[in-house]
Amino acid sequence: MDAMTFVLFGATGDLAKRKIFPALYRLYIDGKTPERFSIVGSGRREMNDAAFRQQVEQSLTAYSRRPADDRSKVDAFLELFRYCAADASVGTDYRKLLELVEKREGEQNIPQNRLFYLSVAPDFFDVIALHIAESGLGKGSGWKRLIIEKPFGHDLKSARRLNEKLSQAFEEDEVYRIDHYLGKPMVQNLEALEYANPVIQALWNNHYIANVQITASEIVGVEERAGYYDTSGAIRDMFQNHMLQLLMMIAMHLPHMTERDVRAGKRRIVESIRCVSPEEAGSSVVRGQYVAGEVQGKAVPGYTDEPGVAPSSQTDTFVAARLWLDDPFWEGVPFYIRTGKRLKEKSTRIVLEFKNPRGAMHLCGTEQCDPNLMIIEISPNVGVVLRLNSKNLLQEGKLEPIMVDFCANGKDIPEAYEILLSDALQGDATFFAHWNEVEQSWKWVQPVLEAFERNLVPLYSYPAGSNGPEAAGRLLEQDGFTWW
Ligand code: BG6
């Protein structure tokens, strides 16, 4: 791997503490960081290197998957870190940063390969990217990469504006847009499930699949993020990015997993999603907002009673939708997506429901056979379950569903951030969101946002701790299905 400098903006922030430092540490002890590696953190707060390293160490103690108890390894890791106090909106501060980066490059004989990670509020993305270019930080003799996190824009227009500004400083292939769902090991396993299993591959199309259901349900409410969440809602926070990325990953047909193939495969799928007009949105989109209820035995307030949320807020904390793909493999197969906060359980999963077997009805008596299901548990459970029908040999041969399952719970599975950071260090953008995907996702979401604004889609309330609004169930009942 190339020797490089990792420049972290927002180094004193929450994401750095919770995710980035622990992921870097794990990669470091697993030998997945470059041999010559420099990490320069930058934040507004004045601090010396020792205080910064202390913060890093605290974050390892609190959040690392592997206990940071090997003193010599921890010390060697911390030695990689330097800190530079800088105001990211002030151009002259970048000179200090450049001096420190160059000094470390000189000391460690590192070529000018620089990876910039913007762990800052999205308002700063374009400002920082332009300053990186202007200050000379981004004009070294080596390569440069930029990692940013969602949100990529607030709507289609602002996403395009942001992308235009970023592209003045970085080429598309230098931009690594993190969608942490793409780093979840089970998401990266989807194509293998299909292509390493001829049994499944043969069935992975509209001849055999009746519908696909993608669910990301959360127990938590808005937490302390009302300022951000109340202007986003579930549609921007989860749907436009994570949910549509899951749809692309499950629907693409790809025997090869090269970066170029994956990006082309996902692009083809996202471009095939049939857009709805604001007027049509009401028949395929359901939105909801939680009211007071009980979650796992604990009484919790409703959304509008959460600290920082306006009592009159109309923000969606739940969205469900039916989408159609204009793609020969998926013609006639509805994709149902739902995501929400304060639901009954924490679970992200994809369910493929297979069509009922013709000719098997006589085995089930008068009733319909239960459909076969393939249930892919993404998180926090990790596993695959295939639900088949079989005669219960102890009960007069009554046909019953049986589960064939694989479960990886409790195994030492890497965190999404470890996987994605490791890829970015190596310059592999396969599991990052390309601008085409982001833009195309906004194209589907934009008319729905308009429909929400014009109140063309009713805002249903649902009690915290439930499965969301009943209207989400009706969305499937119309087609003869139910949520799994
Ligand atoms: C984030 C959202 O992107 O994903 C949060 O901003 C959400 O609102 C989180 O809670 C869910 O991630 P995970 O990995 O816990 O499913």
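Calculation criteria
Residues numbered from 1 in each chain as written. Predicted model: local features only at pLDDT ≥ 70, side-chain atom pairs only at ≥ 80, totals over all residues. Heavy atoms only, no water. Near = heavy atom within 4 Å. Polar contact = N/O pair within 3.5 Å; in protein donor to acceptor, adjacent residues only side chain to side chain. Areas by Shrake-Rupley, 256 points an atom, 1.4 Å probe, with all protein chains shown as cover. Nonpolar A, V, L, I, M, F, W, Y, C, P; charged D, E, K, R; others polar. Buried < 20%, exposed > 50% of the residue type's maximum accessible area, 1.4 Å probe, protein only. Helix = DSSP H or I, 4+ residues; strand = E, 2+ residues; numbered from the N terminus. Pairing = 2+ DSSP bridges. Right-handed = clockwise from strand over helix to strand, strands pointing away. Contact = heavy atoms within 4.5 Å. Axes fitted to C-alpha atoms, helices over the stretch in contact; angles between N-to-C directions. Parallel < 35°, antiparallel > 145°, perpendicular 65-115°, else oblique. Left-handed = near helix turned anticlockwise from the far one by under 90°. Expected span 1.5 Å × (residues − 1). Arc of directions from axis to C-beta. Patch = residues over 30% accessible without salt bridge, like charges linked within 9 Å, V, L, I, M, F, W, Y side chains within 5 Å. Salt bridge = Lys/Arg side-chain N within 4 Å of Asp/Glu carboxyl O. Phe/Tyr/Trp six-rings, centres within 6.5 Å; stacked < 30°, edge-to-face > 60°. Core = buried A, V, L, I, M, F, W, Y, C linked by side-chain atoms within 4.5 Å.

A. Just the site of the ligand, in detail. In the vicinity of the ligand, the contacting residues are K150, H180, Y181, K184, E218, R225, D237, M238, H242, K341 and K346. Note that an oxygen atom of the ligand is positioned 2.5 Å from one of the side-chain N or O atoms of E218. R225 is positioned with one of its side-chain polar atoms (N or O) 2.8 Å from an oxygen atom of the ligand. With the chains in place, 80% of the 400 Å² that the ligand exposes on its own is no longer accessible. Classifying every residue of the shell around the ligand by side-chain character gives 2 nonpolar, 2 polar and 7 charged.

B. Layout of the pairing of strand 6 (residues 175-178). Burial along strand 6 is two-sided: V175 and R177 and Y176 and I178, pointing in opposite directions, are all buried. Pairing between strand 5 (residues 144-149) and strand 6: 4 bridges, direction parallel. Bridging across to strand 6, L146 finds its partner in V175. Regarding topology, helix 6 (residues 156-169) serves as the crossover connection from strand 5 to the parallel strand 6, and that connection is right-handed.

C. Broad picture of the environment of V7. Looking at the secondary structure, you find V7 in strand 1 (residues 4-9). Sequence-distant contacts of V7, defined by excluding residues within four places in its chain, comprise V40, L97, V101, L115, F116 and Y117.

D. Just the sheet that holds strand 6, in detail. Read across the sheet, 6 strands follow the order 3-2-1-4-5-6 without closing on themselves; strand pairing throughout is parallel. Edge positions in the open sheet fall to strand 3 (81-85) and strand 6, since each of these has one partner strand only. Strand-to-strand twist in this sheet, taken as the mean axis angle between neighbours without regard to direction, amounts to 20°.

E. Broad picture of the packing of helix 11 (residues 233-251) against helix 15 (residues 435-453). Remark: helix 11 packs on helix 15, axes separated minimally by 10 Å, with the N-to-C direction vectors making an angle of 135°. As summarised for this structure, helix 11 and helix 15 are arranged oblique, according to the angle between their axes. Crossing geometry of helix 11 relative to helix 15 is assigned as right-handed. Taken together, the residues of helix 15 that come into contact with helix 11 (itself represented by I235, R236, F239, Q240, L244, Q245 and M248) are E437, V438, S441, W442, W444, V445, V448, L449, F452 and E453. Partitioning the contact of helix 11 with helix 15 into residue classes produces 11 nonpolar, 3 polar and 3 charged.

F. Seen up close, helix 2 (residues 49-63). The end-to-end C-alpha distance of helix 2 is 21 Å, a good match for the 21 Å that 15 residues give at a rise of 1.5 Å each. F52, R53, Q55, V56, S59 and L60 are the residues of helix 2 that are buried. Axial view of helix 2: buried residues confined to an arc of 155°, hence all on one face. Exposed residues on helix 2 whose side chains face more than 90 degrees from its buried face are A50, T61 and A62. Elements that come into contact with the buried residues of helix 2 comprise helix 1 (14-29), strand 2 (37-43), helix 3 (71-78) and strand 3.

G. Structural detail: the sheet that holds strand 12 (residues 335-340). Strand order across the open sheet formed by 9 strands is 16-15-14-13-7-12-11-8-17, with mixed pairing between neighbours. The two strands at the open ends of the sheet, each matched to only one other strand, are strand 16 (398-407) and strand 17 (459-463). Adjacent strand axes in the sheet meet at a mean angle of 20°, parallel and antiparallel pairs treated alike. Contacts from helix 11 reach strand 7 (209-217), strand 11 (318-323), strand 12, strand 13 (347-354) and strand 14 (373-379), with the element oriented near 145° to strand 12. Contacts from helix 15 reach strand 8 (285-291) and strand 11, with the element oriented near 55° to strand 8.

H. Broad picture of a nonpolar patch on the surface. A cluster of nonpolar side chains, namely L388, I402 and V404, defines an oily patch on the protein surface of about 210 Å² accessible area. Mapped onto the elements, L388 comes out in strand 15 (residues 383-392).

I. Highlighting the packing of aromatic side chains. Across all of its chains, the model carries 20 aromatic pairs by this definition. Seen in terms of ring centroids, F116 and F170 are 6.3 Å apart; in terms of plane orientation they differ by 70°. Their pairing is edge-to-face. On the criterion of sequence distance, the pair formed by F116 in strand 4 (residues 114-118) and F170 in the loop between helix 6 and strand 6 is long-range, its members being 54 residues apart. In this structure F116 comes out as buried when scored by relative accessible area, which is 0%. F170 sits in the buried class, given a relative accessible area of 3%. Geometrically, the ring pair formed by Y290 and Y462 is edge-to-face, given 6.4 Å between the ring centres and 65° between the ring planes. Highlighted residues: Y290 in strand 8 and Y462 in strand 17, separated in sequence by 172 residues.

J. Structural detail: the nonpolar core. Among the nonpolar cores identified, the biggest contains 148 residues, and F6 and F239 are the most heavily contacted of them. If sequence neighbours within four positions are ignored, F239 has contacts with A234, L244, V319, A321, L323, I337, W444 and V445.

K. Unusual backbone geometry, seen in detail. In the segment running from K150 into P151, the intervening peptide bond is cis, with an omega of 5°. Tracing the chain through its elements places P151 in the loop between strand 5 and helix 6. Phi is positive for E223, close to 55°, though the residue is something other than glycine. Mapped onto the elements of the fold, E223 is located in the loop between strand 7 and helix 10 (226-229). Under the relative-accessibility criterion, E223 is labelled partly exposed at 42%.

L. View of the side chain of R322. Relative to the helices and strands, R322 resides in strand 11. In this structure R322 touches S283, S284, P334, F335, Y336, L475, Q478 and D479, once residues within four positions along its chain are discounted.

M. Highlighting the side chain of R349. Tracing the sequence through the fold places R349 in strand 13. Among the residues examined, R349 registers a relative accessible area of 14% and is labelled buried. Of note is the side chain of R349, whose polar atom sits 3.3 Å from the side chain of S347. Other than its neighbours up to four places away in sequence, R349 contacts Q213, I214, T215, I375, I376, E377, I378 and W484.

In short, geometric facts, not functional conclusions.
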